[in-house]
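# Chains, contacts and geometry: an overview
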Amino acid sequence: VDTVAKLIPRELNISIESALNTKELKELYESDPEVKRLIDVSRRLEGMPRHASTHAAGVVITEKPTYEYVPLSYSGTGVVTQFDMNTDAKLGLVKFDFLGLRYLTVISDAEKEIRKTNRDFDISKIPFDDKETFRLLSEGKTDGVFQLESGGMKQVLSRLSPSNLEDIIACIALYRPGPMDSIDKFIARKQGREAVEYKTEALRDILDVTYGCMVYQEQVMQICRTLAGYSYARADIVRRAMSKKKTDVMRAEEEAFVKGCSERGISEAVAKSIFDEMLGFAKYAFNKSHATAYGIISYRTAYLKAHYP
């Protein structure tokens, strides 16, 4: 088993079929009946679920008892649906993710301590333009600051020198595989080393907060609505296709998008160029409302560290 496993190339999502294209594995498969049987059985098992697991934070909420919609089973953690989250969603069930964050407890504990000497202190009423907090972030002194603790993130903050909440929100959305490629452009534009350009003036109001870079799913929805006249519902279909990485659905929307843009005086070439940018961006677009909730918690922990270490 060890010999066969080592002959499978270290490549993400590789299939046994493509692994058999390697010379050594193919020779072993053809010459050793035991290896042939092992691989043939493995092929039949490939892609099947290995075990039943529970989503860390996903909770299905239904109008009637859940067993009226889907089969249930009992796992070590409680009652779960036997279908996976995608099948549940196709059946029209709604899944909510409830995240438990240790930092909310840290903030609450700090607040209680501060109130011993400052009775009126309320973390929800702190100003969002505090110079000390932004200085701390710009110096990369973010140990213990929610979402901003990693070495790479500290470098980004030092280079960016955030000056408002929007910058923190953008950092959280950009600092992931994929969008990281946009970080240099984002920083250069914020600092005025690179001009902020818009393919059409209609994009200015949508992308100005991110210096002309596409960062959020909501920006794509706004582009669909403002430039191509989409309804909220249709713009949300595009957003969902992006978040689920359904490039085929996005491709199918291209014709409608270009047509909608040309009806509003935007040339076909510009519309296609904007759509291609959205398509490339679709692989890793982030939800701004999610990044904002995180950004506020990041700012609050940074504020506490700056003023009440």
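Residues numbered from 1 in each chain as written. Predicted model: local features only at pLDDT ≥ 70, side-chain atom pairs only at ≥ 80, totals over all residues. Heavy atoms only, no water.

## Some details on the overall build of the chain
- What the chain contains, in helices and strands, is 16 helices and four strands.
- Here the chain has a C-alpha radius of gyration of 25 Å; the compact-globule value for 309 residues is 19 Å, and the former is much larger.
- Along the longest, intermediate and shortest principal axes, the C-alpha atoms of the chain span 75 × 60 × 50 Å.
- In the chain, which comprises 309 residues, the proportion classed as buried is 36%. (Helix = DSSP H or I, 4+ residues; strand = E, 2+ residues; numbered from the N terminus. Rg over C-alpha atoms; globule rule 2.2 N^0.38 Å. Buried < 20%, exposed > 50% of the residue type's maximum accessible area, 1.4 Å probe, protein only.)

## Concerning the environment of K116
- For K116, the position within the fold is in the loop between α6 (102–115) and α7 (131–138).
- On the accessibility criterion, K116 (63% relative accessible area) is exposed.
- For the pair K116 and Q222, spaced 106 residues apart in sequence, the C-alpha separation works out to 46 Å.
- A distance of 3.0 Å separates polar atoms of two side chains, one belonging to K116 and the other to E113. (Polar contact = N/O pair within 3.5 Å; in protein donor to acceptor, adjacent residues only side chain to side chain.)

## Observations concerning the packing of aromatic side chains
- Under the criterion given, the structure shown has nine aromatic pairs.
- Consider the rings of F121 and Y308, whose centres lie 5.3 Å apart with planes at 70°: the pair is edge-to-face. Note that F121 is positioned in the loop between α6 and α7 and Y308 in the segment after α16 (288–307), a separation of 187 residues in sequence.
- With relative accessibility at 36%, the residue Y308 sits in the partly exposed group.
- Note on F128 and Y299: the rings are 5.0 Å apart at their centroids and 45° apart in plane angle, and the pair reads as tilted. With F128 in the loop between α6 and α7 and Y299 in helix α16, the pair connects residues that are 171 residues apart, well separated along the chain.
- Through a chain of ring-to-ring contacts, three or more aromatic side chains come together here, namely Y103, F146 and Y294.
- The ring of Y103 has R102 sitting right over it, with the charged end atom 5.1 Å from the ring centre. (Phe/Tyr/Trp six-rings, centres within 6.5 Å; stacked < 30°, edge-to-face > 60°. Lys NZ or Arg CZ within 6 Å of the ring centre and 35° of its normal.)

## Considerations on the environment of G140
- Position of G140 among the secondary structure elements: in the loop between α7 and α8 (151–160).
- Residue class for G140 comes out buried when judged on its relative accessible area of 12%.
- Along the sequence, G140 and S150 sit ten residues apart, while their C-alpha atoms lie 9.8 Å from each other.
- G140 has contacts with K154 and S158, leaving out every residue within four places of it along the chain. (Contact = heavy atoms within 4.5 Å.)

## With respect to the confidence of the model for the chain
- Chain-level pLDDT for the chain is 92 on average; 100% of the residues reach the 70-or-more range.
- Confidence, expressed as mean pLDDT per element, reaches its minimum in the chain at helix α13 (residues 232–243) with 86 and its maximum at α7 with 97. (pLDDT = per-residue confidence, 0-100.)

## As for a positive patch on the surface
- A cluster of basic side chains, namely K90, K244, K245 and K246, defines a positive patch on the protein surface.
- Position of K246 among the secondary structure elements: in the loop between α13 and α14 (247–263).
- Given a relative accessible area of 43%, K246 falls into the partly exposed group. (Patch = residues over 30% accessible without salt bridge, like charges linked within 9 Å, V, L, I, M, F, W, Y side chains within 5 Å. Areas by Shrake-Rupley, 256 points an atom, 1.4 Å probe, with all protein chains shown as cover. Salt bridge = Lys/Arg side-chain N within 4 Å of Asp/Glu carboxyl O. Lys, Arg positive; Asp, Glu negative; His and termini not counted. Charge placed at Lys NZ, Arg CZ, Asp CG, Glu CD.)

## So, the state of the cysteines
- A complete count under the given rule lists zero disulfides for this structure.
- Not engaged in a disulfide, the cysteine C171 finds its nearest cysteine sulfur in C213; these two sulfurs lie 12 Å apart.
- For the unlinked cysteine C224, the closest cysteine sulfur is that of C261, found at 8.3 Å. (Disulfide = S-S within 2.5 Å.)

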